[in-house]
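# Architecture at a glance
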Amino acid sequence: MLLTIKKVPTVVSNYQEESSETSFEGCGRHCLGKCCLPGSSVPLYSFKIDRENSKENGEVNSAKEQPQVCFLHNLLLGQWEDRMSRGLFRYDVTSCATRIIPGRWGFIAQLNEGRHLKKRPTEFRVDKVLQAFDETKFNFTKIGQEEVLFRFEPGNDLKSEFVPTAPPTADSTSPSVVAINVSPIEFGHVLLIPRVLDCLPQRIDHESFLLALHMAKEASNPFFRIGYNSLGAFATINHLHFQAYYLAVPFPVEKSPTKRIKTVKGMQDRGVIVSRLSNFPVRGFVFEGGNTMQCLSDSVASACIYLQNNNIPYNVLIADSGNKIFLFPQCFAEKQALGKVSQELLETLVNPAVWEIAGHIVLKRRQDFENASEASAWRLLSDVSLSEERFRQVKAYVLEAAGFQETSNTDQEDDSTYDQLSPRAISHLPKDCVVIH
């Protein structure tokens, strides 16, 4: 996605000297709280809403005399590397060894020995998906503005624009921001925090989910995925956020065959196709298509809202530049509480959140990394999945919530199995090869 850099004169940047007379002091910590953010000048990325005139390759038309940059590579990843050079991360994720596990699925194993020691611990119950926001616990209003890459908000023009020194405006009293994850899993690991000053708890709503899809569209790269973990499904902060990063290999879940679920087409048909994963260790749904981006977004968001309202933990993976969305109801924390997870798996300290379910498994111990196999990855993820009986029960309610009516056939699913078109791997990550970035 190419965009225009819009120059706004006479605005003081966040990164100018603190002694500047026009700078906004706030509480003095230069944080994302109401004390500091409303008066700060944070870079702004405004994305285009009407995409009818966009080129198929993801480029955005703009004036010839204005410079253009790529949203993903020049802006997001470039700014992420800038924060890395400033030493803002808890560890150097680029030094973590990564390899593709030999086998049919190509599970990706990463050795990250320091993450569980340096990552912020969970501060809330894991048996309740919906919990009230608690300002006394860690939340993103407490992070420094140096961790923020830019605001991410809808624009008014017919093209996407980046404003390096955007002044605060009346309609940005609670901006959505993209910030670094200081405990990264992979290169370019960032957080999308919708309406940060509204202090929303970790629960999906239609507006915020659509915002995440817009971010995937702007990146316009199948190797940039966006993930979401509910409470009870290994979210560690109860402040609404999505995660995203860049990894140039296909995820195993993207290669899994699917079975389309038969639904009745009605007058309100939105063109969304829903399938279920076939022969994958975690049972899940795949949503794709849609007459518009909002049609797809609303279907998935409604399904997520049903799950969270019924205390069913879940994970979401937004893939293929926002054109395909995976939804995984899960029960690992429940099984763990009931003592149904083997001690061997518990000793690995792996928390099967969205990235692990997708097939990118972060291991904390060298012995687990060196001995990782397709069989061990399959065993771990199988403990995450709902049983077939429970999945079918949840499926009926999820489809209804998402606006689908199942056919009246005894077998509700298409007998045909479809192979997904996964993104092609970049050759820098061969099988069984340790990669140091």
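Residues numbered from 1 in each chain as written. Predicted model: local features only at pLDDT ≥ 70, side-chain atom pairs only at ≥ 80, totals over all residues. Heavy atoms only, no water.

## Quick word on the overall build of the chain
Helix and strand content of the chain: eleven helices and 18 strands. Buried positions account for 55% of the 437 residues belonging to the chain. For the chain, restricting intrachain contacts to residue pairs at least 6 apart in sequence, the fraction spanning at least 24 positions comes to 76%. With the model as given, the accessible surface of the chain reaches about 19200 Å², and the carbon-plus-sulfur share is 48%. (Helix = DSSP H or I, 4+ residues; strand = E, 2+ residues; numbered from the N terminus. Buried < 20%, exposed > 50% of the residue type's maximum accessible area, 1.4 Å probe, protein only. Contact = heavy atoms within 4.5 Å. Areas by Shrake-Rupley, 256 points an atom, 1.4 Å probe, with all protein chains shown as cover.)

## Examining the sheet that holds strand S4 (residues 98-100)
Here we have three strands laid out as an open sheet, ordered S4-S5-S17, and mixed in their pairing. What marks the edges here is a single partner per strand, and that holds for S4 and strand S17 (360-363). Each neighbouring strand pair of the sheet contributes to a mean axis angle of 20 degrees, computed without reference to strand direction. Alignment of strand S5 (residues 108-111) against S17, held across four bridges, turns out to be parallel. If you follow leucine 111 over to S17, its bridge partner there is leucine 363. (Pairing = 2+ DSSP bridges. Axes fitted to C-alpha atoms, helices over the stretch in contact; angles between N-to-C directions.)

## What about unusual backbone geometry?
Even without glycine at this site, cysteine 199 takes up a positive phi of about 50 degrees. You can see cysteine 199 is positioned in the loop between strand S9 (190-193) and helix H3 (206-219).

## Some remarks on the packing of aromatic side chains
Tallied over the entire structure, the rule returns 22 aromatic pairs. With 5.7 Å between their ring centres and 15 degrees between their planes, tyrosine 306 and tyrosine 397 make a pair best called stacked. Here tyrosine 397 lies in helix H11 (residues 388-401) and tyrosine 306 lies in helix H5 (residues 293-309), a separation of 91 residues in the sequence. The ring of phenylalanine 369 carries arginine 99 above its face, with NZ or CZ at 5.5 Å from the centroid. The ring of phenylalanine 251 is capped by arginine 225, whose NZ or CZ atom sits 3.9 Å from the centre of that ring. (Phe/Tyr/Trp six-rings, centres within 6.5 Å; stacked < 30°, edge-to-face > 60°. Lys NZ or Arg CZ within 6 Å of the ring centre and 35° of its normal.)

## Focus on the confidence of the model for the chain
For the chain, the average pLDDT comes to 84, and 79% of its residues sit at 70 or higher. Confidence over residues 52-67 falls short of pLDDT 50; this stretch has 24 contacts with residues more than four positions distant or in other chains. Note on residues 427-437: pLDDT is under 50 here. Beyond four places in sequence and across chains, it has 24 contacts. (pLDDT = per-residue confidence, 0-100.)

## Focus: the nonpolar core
Judged by nonpolar contacts, the single largest core of 70 residues is most densely connected at Leu76, Phe150, Phe152, Phe209, Met215, Phe287 and Leu327. Per-element tally for this core: the top contributor is H5, with nine residues. Setting aside residues no more than four positions away along its own chain, phenylalanine 209 makes contact with Ile204, Phe242, Ser297, Val300, Ala301, Val316, Ile318 and Ile325. (Core = buried A, V, L, I, M, F, W, Y, C linked by side-chain atoms within 4.5 Å.)

## So, the environment of phenylalanine 332
Of note, phenylalanine 332 is situated in helix H6 (residues 332-337). A residue is classified by how much of its surface remains accessible, and phenylalanine 332, at 3% relative accessible area, is buried.

## Examining H11
Residues separated by three or four positions in an α-helix point in the same direction, a consequence of the helix having 3.6 residues per turn. A rise of 1.5 Å per residue sets the reference length of H11, with its 14 residues, at 20 Å; its end C-alpha atoms lie 20 Å apart and thus fit the reference within 8%. Every buried residue of H11 is listed here: Phe391, Val394, Lys395, Val398 and Leu399. Looking one or two places after H11, you find glycine 403, whose phi comes out positive at around 95 degrees. (Expected span 1.5 Å × (residues − 1).)

## Thoughts on the environment of tryptophan 105
Topologically, tryptophan 105 is positioned in the loop between S4 and S5. Judged by its relative accessible area of 4%, tryptophan 105 falls in the buried class. Once the C-alpha coordinates of tryptophan 105 and lysine 255 are considered, the two residues, 150 residues apart in sequence, prove to be 7.5 Å apart. Setting aside residues up to four positions removed in sequence, tryptophan 105 forms contacts with Pro252, Lys255, Ser256, Pro257, Asn279, Phe280, Glu374 and Trp378.

## Points about the packing of H5 against H11
Running from N to C, H5 and H11 cross one another at 130 degrees; their axes reach a closest spacing of 7 Å. Comparing their axes, H11 and H5 come out oblique. The element H5 and its partner H11 pack so that their crossing is right-handed. Where H5 abuts H11, its residues Ser302, Ala303, Tyr306 and Leu307 lie against Val394, Tyr397, Val398 and Ala401. (Parallel < 35°, antiparallel > 145°, perpendicular 65-115°, else oblique. Left-handed = near helix turned anticlockwise from the far one by under 90°.)

## Some words on the pattern of salt bridges
For side chains of opposite charge, pairing can occur when their charged atoms come near one another. In this structure the tally under the stated criterion is 14 salt bridges. The partner of aspartate 82 in a salt bridge is arginine 83, and the shortest N-O contact between them spans 2.9 Å. For aspartate 82, a relative accessible area of 28% gives the class partly exposed. Using a relative accessible area of 0% as the deciding quantity, one classes arginine 83 as buried. Taking the shortest distance from any N to any O, the salt bridge between glutamate 388 and arginine 276 comes out at 3.0 Å. Placement of the pair is glutamate 388 in helix H11 and arginine 276 in strand S13 (residues 272-277), with a sequence separation of 112 residues. We classify glutamate 388 as partly exposed; its relative accessible area is 26%. When its relative accessible area of 8% is taken as the criterion, arginine 276 is described as buried. Here the salt bridges share partners, and the residues they tie into one network are Arg276, Arg283, Glu388 and Arg392. (Salt bridge = Lys/Arg side-chain N within 4 Å of Asp/Glu carboxyl O.)

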